[in-house]
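Results of the structural survey
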Amino acid sequence: MNHKQPELEVRVKKIIEVDGLKFKDLNNSGKLEPYKDWRLSPKERADNLVSLMNIDEKVGMMLINTRKMGLSQEDKSKTSHNGVLDEAIVEKGENIFAVLKIYGTSHTIENMHLRHFIHRDNHSPAEMAEWINTMNEVCEGTRLGIPCLITSNSRNENGESIFGMNDAVGIFSTWPGTLGLAAAAKGDIKNGGDASLISQFAEIAHDEWDATGIRKGYMYMADTATDPRWQRTYGTFGEDPEFISDAIGRIIDGFQGKTVGKHSIAMTTKHFPGGGARENGFDPHYKEGKWNLYPTAGSLEKYHLPPFQAAVEHGTSSIMPYYSIPSIKKSVVQEFEGEDIPFEEVGFTFNHYFLKNILRDKLGFKGYVNSDSGITNKMAWGVEELTEAERFAKAIIAGTDLVADTNDIENLKKAIENGWISKKRIDEANERLLTEMFALGLFDDRTYVSPENATTVVNTPAHWEAAYEAHKKSVTILKNSQQTLPLTAEKLDGKKVYVEVFHKDSEIATSYTEQARKECEELGQFTLTENYEETDLAILFLQPKSGSYFNATPGLLELELCENKTLKALDGSEYQETTLSGLDHLKEVCDSIHNRGGKVIISVNITLPWILGNVEPLADVLIAGYDTFFKPQFEVIAGDFQPVGVLSLTLPASEAVIAVDENGDCVSRNDVPGYDKDKYMPEGMQYAYKDNDGNVYKLGHGLTY
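Reference entry: report on the structure contained in this document. Everything numeric in this text was worked out from a predicted model, so none of it was measured.

A look at the overall build of the protein chain
- When its secondary structure is counted, the protein chain shows 19 helices and 24 strands.
- For 705 residues, the compact-globule formula gives about 27 Å, and the C-alpha radius of gyration of the protein chain, at 26 Å, lands near that figure.
- Seen through its principal axes, the protein chain has C-alpha atoms that stretch 85 × 55 × 50 Å.
- Evaluated residue by residue, the protein chain yields a buried proportion of 62% over its 705 residues.
- With an accessible surface of roughly 25,600 Å², the protein chain has 49% of that area assigned to carbon and sulfur atoms.
- Taking the average place of the 73 positive charges on the side chains of the protein chain and the average place of its 107 negative ones, the gap between the two points comes to 5 Å.

A look at the nonpolar core
- Core analysis: the biggest nonpolar cluster contains 122 residues, and Phe237, Phe255, Phe272 and Leu434 have the highest contact counts within it.
- Once residues lying within four places of it in the same chain are set aside, the contact partners of Phe272 are Leu305, Phe308, Ile319, Met320, Pro321, Tyr322, Phe348, Phe354, Leu355, Ile358, Leu359 and Leu363.

Quick notes on the side chain of Thr535
- Looking at the element boundaries, Thr535 is found in the loop between strand S19 (527-529) and strand S20 (537-543).
- For Thr535, a relative accessible area of 3% puts it in the buried group.
- Side-chain polar atoms of Thr535 contact the backbone nitrogen of Leu537, separated by 3.1 Å.
- The contacts of Thr535, once residues within four sequence positions are left out, are Lys496, Val497, Tyr498, Thr529, Ile593 and Arg596.

Some thoughts on the sheet that holds strand S17 (residues 476-480)
- Overall, mixed pairing links the six strands, which are arranged S17-S24-S23-S20-S18-S19 in an open sheet. Strands with a single pairing partner mark the edges of an open sheet, and in this sheet they are S17 and S19. Here the strands of the sheet are splayed against their neighbours by 25° on average, with no regard to which way each runs.
- Bridge count for strand S23 (residues 599-605) against strand S24 (residues 621-625) is five bridges, and the pairing is parallel.

Notes on unusual backbone geometry
- Going from Met219 to Tyr220, the amide bond is cis rather than trans, its omega being -5°.
- With respect to the helices, strands and loops of the structure, Tyr220 is situated in the loop between strand S8 (216-217) and helix H7 (241-256).
- Residue His271 is bonded to the preceding Lys270 through a cis peptide linkage, with omega at 0°.
- If you trace the backbone, His271 turns up in strand S9 (residues 266-272).
- Residue Asp405 is not a glycine yet carries a positive backbone phi of 55°.
- Tracing the chain through its elements places Asp405 in the loop between strand S16 (402-404) and helix H12 (409-417).
- Even without being glycine, Asn564 reaches a positive phi, approximately 50°.
- Position of Asn564 relative to the elements: it lies in the loop between S20 and strand S21 (565-568).

Quick word on the sheet that holds strand S6 (residues 116-118)
- Overall, parallel pairing links the eight strands, which are arranged S3-S6-S7-S8-S9-S11-S15-S16 in a closed barrel.
- Direction of pairing for S9 relative to strand S11 (residues 318-321): parallel, over a ladder of four bridges. Note on S11: the bridge partner recorded for Thr268 is Ser318.

Quick notes on the packing of aromatic side chains
- Under the criterion given, the structure shown has 24 aromatic pairs.
- When the centroid spacing of 6.4 Å and the interplanar angle of 75° are considered together, the rings of Phe201 and Phe255 count as edge-to-face. One end of the pair, Phe201, is in helix H6 (residues 196-212); the other, Phe255, is in helix H7, with 54 residues separating them in the sequence.
- For the pair Phe526 and Phe634, a centre-to-centre distance of 6.2 Å together with 55° between the ring planes defines the contact as tilted. Placement of the pair is Phe526 in the loop between helix H17 (506-523) and S19 and Phe634 in helix H19 (residues 630-637), with a sequence separation of 108 residues. Accessibility classification places Phe526 together with Phe634 in one group, the buried group.
- An aromatic cluster of at least three residues, connected via ring pairs, comprises Phe172, Trp175, Phe201, Trp209, Tyr220, Phe237 and Phe255.
- Between Arg11 and the ring centre of Tyr448, over which it is positioned, the NZ or CZ distance is 4.2 Å.
- A cation over an aromatic ring shows up here: Lys677 above the ring of Tyr687, its NZ or CZ 5.4 Å from the ring centre.

Details of the packing of H6 against helix H15 (residues 461-474)
- Remark: H6 packs on H15, axes separated minimally by 10 Å, with the N-to-C direction vectors making an angle of 145°. Like other packed secondary-structure pairs, H6 and H15 cross with a definite hand, here left-handed. Residues Leu197, Gln200, Ile204, Asp207 and Glu208 of H6 pack against His463, Ala466, Ala470 and Lys473 of H15.
- Split into classes, the residues belonging to the contact of H6 with H15 amount to four nonpolar, two polar and three charged.

A few points about the pattern of salt bridges
- Taken as a whole, this structure holds 51 salt bridges when the rule is applied.
- In this structure, Lys58 engages Asp427 in a salt bridge whose closest nitrogen and oxygen atoms are separated by 2.8 Å. Here Lys58, found in helix H2 (residues 55-61), pairs with Asp427, found in helix H13 (residues 423-439); they are 369 residues apart in sequence, far enough to count as distant. There is no split in this pair, since Lys58 and Asp427 are both buried.
- For the salt bridge of Lys679 with Asp676, the shortest nitrogen-to-oxygen distance reads 3.3 Å.
- Its relative accessible area of 55% is what places Lys679 among the exposed residues.
- Among the charged side chains, a salt-bridge network with shared partners connects Arg360, Asp401, Arg425, Glu428 and Arg432.

What counts and how
- Residues numbered from 1 in each chain as written.
- Predicted model: local features only at pLDDT ≥ 70, side-chain atom pairs only at ≥ 80, totals over all residues.
- Heavy atoms only, no water.
- Helix = DSSP H or I, 4+ residues; strand = E, 2+ residues; numbered from the N terminus.
- Rg over C-alpha atoms; globule rule 2.2 N^0.38 Å.
- Buried < 20%, exposed > 50% of the residue type's maximum accessible area, 1.4 Å probe, protein only.
- Areas by Shrake-Rupley, 256 points an atom, 1.4 Å probe, with all protein chains shown as cover.
- Lys, Arg positive; Asp, Glu negative; His and termini not counted.
- Charge placed at Lys NZ, Arg CZ, Asp CG, Glu CD.
- Core = buried A, V, L, I, M, F, W, Y, C linked by side-chain atoms within 4.5 Å.
- Contact = heavy atoms within 4.5 Å.
- Polar contact = N/O pair within 3.5 Å; in protein donor to acceptor, adjacent residues only side chain to side chain.
- Pairing = 2+ DSSP bridges.
- Axes fitted to C-alpha atoms, helices over the stretch in contact; angles between N-to-C directions.
- Phe/Tyr/Trp six-rings, centres within 6.5 Å; stacked < 30°, edge-to-face > 60°.
- Lys NZ or Arg CZ within 6 Å of the ring centre and 35° of its normal.
- Left-handed = near helix turned anticlockwise from the far one by under 90°.
- Nonpolar A, V, L, I, M, F, W, Y, C, P; charged D, E, K, R; others polar.
- Salt bridge = Lys/Arg side-chain N within 4 Å of Asp/Glu carboxyl O.

Purely geometric numbers; function is a separate question.
Okay, structure coming up:
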């Protein structure tokens, strides 16, 4: 065989020569063991390395934990390597993520043997690259010289930072939110094209990640959004399983390539078997949300599993199961490929039937299973009565290979020493994890990256231009009364325009308003005024927020745009909810403009399927954005760009169509997408919102001009 010598860089160990070829002497043996031999397959090398590892090294390999950069450590005396690595010790319970004592970076690598780390900080590409290089330098110095693999949640979408969802915004080329990518691509499909915008997004983001050294992504969500109150709706590609399947395939091809190789970003597709079938929107990050419901015959196979089937067919490197438990009591029997699925009431990461029979045997998945964060402590749904060591055993026996966001080597080791997990199973998990690392080239010529190159790649103008184009395409015109849009030069003649942004937090609203006005001025097509009483044109952006990602609301999640609305909690008490501040002022602005015969354009940021009854009647034009920048929306409003976007999910008609009775049963089906809910609605009820002009805000709706 003709083997091309890769360019090897070492910082601690030596290079040895065999047969005129160079290899890294990662264990200082002076010999060429198979794991160091880049001519062999990733699987052969992984098998050899596992045979050389001790139990502590195998245990460390099976955990992934969040790791801060030295730059994020305020106390520089607690850093090493010129401030690059964070060496601080965080005592157990010091913050919500320190479920266990957290040790410094070097100790975690050298003594705890962890090799997988989640990156949530948001520094420059060069700084991230240098940090990853330095982590690998520490790894190289260990007994076997096993490198580390850095993973992250998505970094290429606009939005407000939320831990664990969008940890990082605005450093890499910044696209609209996932729902916006779907809105833009579905618009292209409606116009006779295809979803290649998703492929372009994946290929560009891939180049930025690859240059920086983040080689694994906890993305994307293949979940079909079916329960409208689910907090994570905005991170999905919407509610159309066929489209989601296409998008997920394109995402994997673009980031990972046809097979995992030296320039792949290995994907972790989540949250198997679909997190959308929630019990009335509560999220399994807290106990109120631990159940997935399937009240509709065939829903799991028809709506929820197809995107995961696509992920497996495209060779996704790993799969992340959801925290939730399939409910027997609130579901009807579900089948897959003609066989009934037995529901064991434990979280999917502990669920042997789902991981073995469905994911591996039926879908043919070959990669590894990566749990969601915190399954052995805070989110151990269905196995709460087990000890932490028993939870590790249950998850790993069920088929989980990598346990997320923990450094709990003690309990995993205890489960192994007690004989609850076989040596064979531990070796199998390690082989799967190491095979990916070898395939990624981390042991050879992809251990270190160039920080200068990271800067160059991320600053590529074409990347940012493509992202901006996607923002423009995501803009969705829901309503355009009396052809108000486009606001061409003739329509604007001599008129001033009033611009304001509304948000749940009025301080954020003020700074966003400044930003929106500045971006409007930059466009140079509108004359602005800060006094709405002297104009008959207003462009108003609404950015509602509801609920919290880590805590249940006292009652059901509120989807109406409201301020100080009195709601009933699940325990019967009353509480107040605000999803948008300044609603009285909003109405005042609209009434003032309308009294002068003017026009009001309202854009609503769709991060959840909001109920728009309180604002749609105030608007002559209603627009949906999806963490879409302001400026591209102004361009569409001005007619500089033909509207393309269509709704990637259905917006509910009213509170009545998502009402939940005293038994906790929802009038519309939790497990069925919005476009199909009418099949199951009571006589005379329609799920989708219908506006004053007769437009129905259903999946795929979007006007153009």
